[in-house]
Amino acid sequence: MASYLFLRVAVSFIFIVTYIFATDTSSFPKNFLLGTSSSAYQIEGAWNESDKGESIWDWWTHENPNFISDGSNGDVACDSFHKYKEDVKLLNDLKVDFYRFSISWSRILPTGYANVINQEGLNYYKNLIDELLANGIEPFVTLYHWDHPEIFERMGGWTNEMMVEWISDYARIVFKELSPKVKYFATLNEPNVLCEEGYETKIKAPGKNLGSPGVFLCMHNMLKAHAKIYHIYDEEFRKHRNGTIGIVLPCSGALPKYLNDTAAVDMHFQFKCGWIAHAIFSNTGDYPQIMKSHVAENSKLAGYPRSLLPELSSEWVQYIKGTSDFFGLNHYSTWLVETVPRTKEQEWYAYSGVKESRDPSWPKAASKWLNVVPSGFREIINKIAREYDNPPIYILENGFSDRCCTFDYLRISYLHSYIKAMLLAIYEDGCNVQAYSVWSLLDNFEWSAGYTERFGLIHVNFTDSNRKRTPKWSMDWYKDVIATRKLNFTWELPTIIHI
Ligand code: GBH
């Protein structure tokens, strides 16, 4: 009898202890950072105020309004240049730990070159930073989010290696002026999206169609530019706030269309995410081997005397390796991938070895490329952790688009399921994710989709000259997540909803 009682007490004790100490997989780890993200051209407006110079996006949208779904542009956008105090108030209401925004190069350097510094432009960012700090929010500064000065584009833009020098001069000025107050920097946002959509498919500025060789060259120069900016910060400015700096890469998820086709998943990863990531985060550096041999073979087959993927000298390989304190990950959606043979009539450059498709059962967002697949998020976090020795990962963009409405339960459902997947990657799989940021604080200029696709936690009325901001339901949801540092089941909603 006594021993039975003892057993009961012991068992209850074990239960209680397990309950108290068990990892609560719906709570964020200690010191985890939560934020929201934006970019200069998409929100600032004031395109020709404060002596700002012309950027490629000003030029592209003014010259080619037909490339933008609603013929619009970022001339006014959310007018955040004038309304930044209101934006910070909203951020303060959310109580985010950080706010990621980008700097417009041509606002600070109207000629593009570092010969003339525009004090008025600089003051805008200094005021924004002061306002954030006064509200207890860390500024997270992206140096370059696709909007370089138009003058450099006339000289070839990212296909001209001089861009490495020009952007380094600009970065040095930003660091000199802002690094005393800024702890978090991102160098470049999503090089491959800009290189592919801006220099090959004409979806984004500068709207060139240079084929794969142009994309290879653009990536080559952006990779070098990133490394140079990192070294400048590391050697000359890190000491100011013992800050941290890294690159931001868009890595979509990849699930095998046919069970066990891990080759397709890996090939997809190396050709997208690995292209830049391998050179920076792997132990060996350089472009992924599979990509080097694949492109070399394709180039040879097509009769070119050398591979169209430019070579990185061993000096550059060493110089680039290790130049990111964190893996900045932008993630929205997932593809099904399969290995496909090259067809006879296919041009060499149209063949990468993998084909992407979508599962028709996946719920969709307003953007045609965005499907809701939270398991793909967990998968890609794991892939990055495995490939690069578990680096600190900052999720710097994750979000969902719709076309209207402040009652945005589909956005809540998306964000909830994606954060849940991320927390599983942390707790169940041991991945080192340290920060998460929602794209975006406000509805904004969604590049070639203009104002037709909305990603904001806050609705913006773009026909109102005052650009009235109205919090959506998702803002309340995120506020609750931040306040409780937890995903609360009371918000859990059915995820399978189509629009
Ligand atoms: C981010 O990039 C950007 O950093 C941010 O500025 C942007 O507002 C946000 O996404 C939402 O789009 O299928 O041919 O139509 C996300 C990168 C954008 C890359 C869409 C692939 C698909 C082009 N992705 N793009 S297509």
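Going by the structure above, here's the rest.
Quick caveat, the model's predicted, so the values are computed rather than measured. (Residues numbered from 1 in each chain as written. Predicted model: local features only at pLDDT ≥ 70, side-chain atom pairs only at ≥ 80, totals over all residues. Heavy atoms only, no water.)

Enquirer: Got a sec to walk through the overall build of the protein chain? Specific residues and values, please.
Expert: For the protein chain, the count of helices and strands is 17 helices and 13 strands. For 499 residues, the compact-globule formula gives about 23 Å, and the C-alpha radius of gyration of the protein chain, at 23 Å, lands near that figure. Projected onto the principal axes, the alpha-carbon positions of the protein chain cover approximately 90 × 55 × 50 Å. By residue count, 57% of the 499 residues in the protein chain fall in the buried class. Just so you have it, the protein chain exposes about 20,600 Å², and 55% of that area is on carbon and sulfur atoms. If you average the places of the 49 positive and of the 59 negative side-chain charges in the protein chain, the two averages end up 3 Å apart. (Helix = DSSP H or I, 4+ residues; strand = E, 2+ residues; numbered from the N terminus. Rg over C-alpha atoms; globule rule 2.2 N^0.38 Å. Buried < 20%, exposed > 50% of the residue type's maximum accessible area, 1.4 Å probe, protein only. Areas by Shrake-Rupley, 256 points an atom, 1.4 Å probe, with all protein chains shown as cover. Lys, Arg positive; Asp, Glu negative; His and termini not counted. Charge placed at Lys NZ, Arg CZ, Asp CG, Glu CD.)

Enquirer: Kindly report on the environment of Asp93, identifying the contributing residues and their values.
Expert: Tracing the backbone through its elements, the reader meets Asp93 in helix α4 (residues 80-94). Residue class for Asp93 comes out partly exposed when judged on its relative accessible area of 36%. Separated by 21 residues in the primary sequence, Asp93 and Ala114 have C-alpha atoms spaced 38 Å apart. Leaving out residues up to four positions away in the same chain, Asp93 has contacts with Met475 and Lys479. (Contact = heavy atoms within 4.5 Å.)

Enquirer: Kindly report on the state of the cysteines, identifying the contributing residues and their values.
Expert: Going through the model one piece at a time under the given rule, you end up with three disulfides. One disulfide in the model links Cys251 with Cys273; its S-S distance is 1.9 Å. For the disulfide bridge between Cys251 and Cys273, the dihedral angle about the S-S bond is near 65 degrees, and by the sign convention the bridge is right-handed. Placement of the pair is Cys251 in the loop between β5 (244-250) and β6 (253-256) and Cys273 in the loop between α11 (262-272) and α12 (274-281), with a sequence separation of 22 residues. The exposure class assigned to Cys273 is buried, which follows from its relative accessible area of 3%. Through a disulfide, Cys404 is tied to Cys405; the S-S separation comes to 2.1 Å. Disulfide Cys404-Cys405: torsion about the S-S bond near -55 degrees, hence left-handed. Look at Cys404 and you get partly exposed, because its relative accessible area is 37%. In the protein chain, the cysteines engaged in disulfides, taken in order along the sequence, are linked 1-2, 3-4, 5-6. (Disulfide = S-S within 2.5 Å.)

Enquirer: If you had to explain the environment of Asn260 to someone new, which residues and values would you point to?
Expert: Topologically, Asn260 is positioned in the loop between β6 and α11. It is 48 Å that separates the C-alpha atoms of Asn260 and Arg172, two residues lying 88 residues apart in sequence.

Any link to function would need more than the numbers given here.
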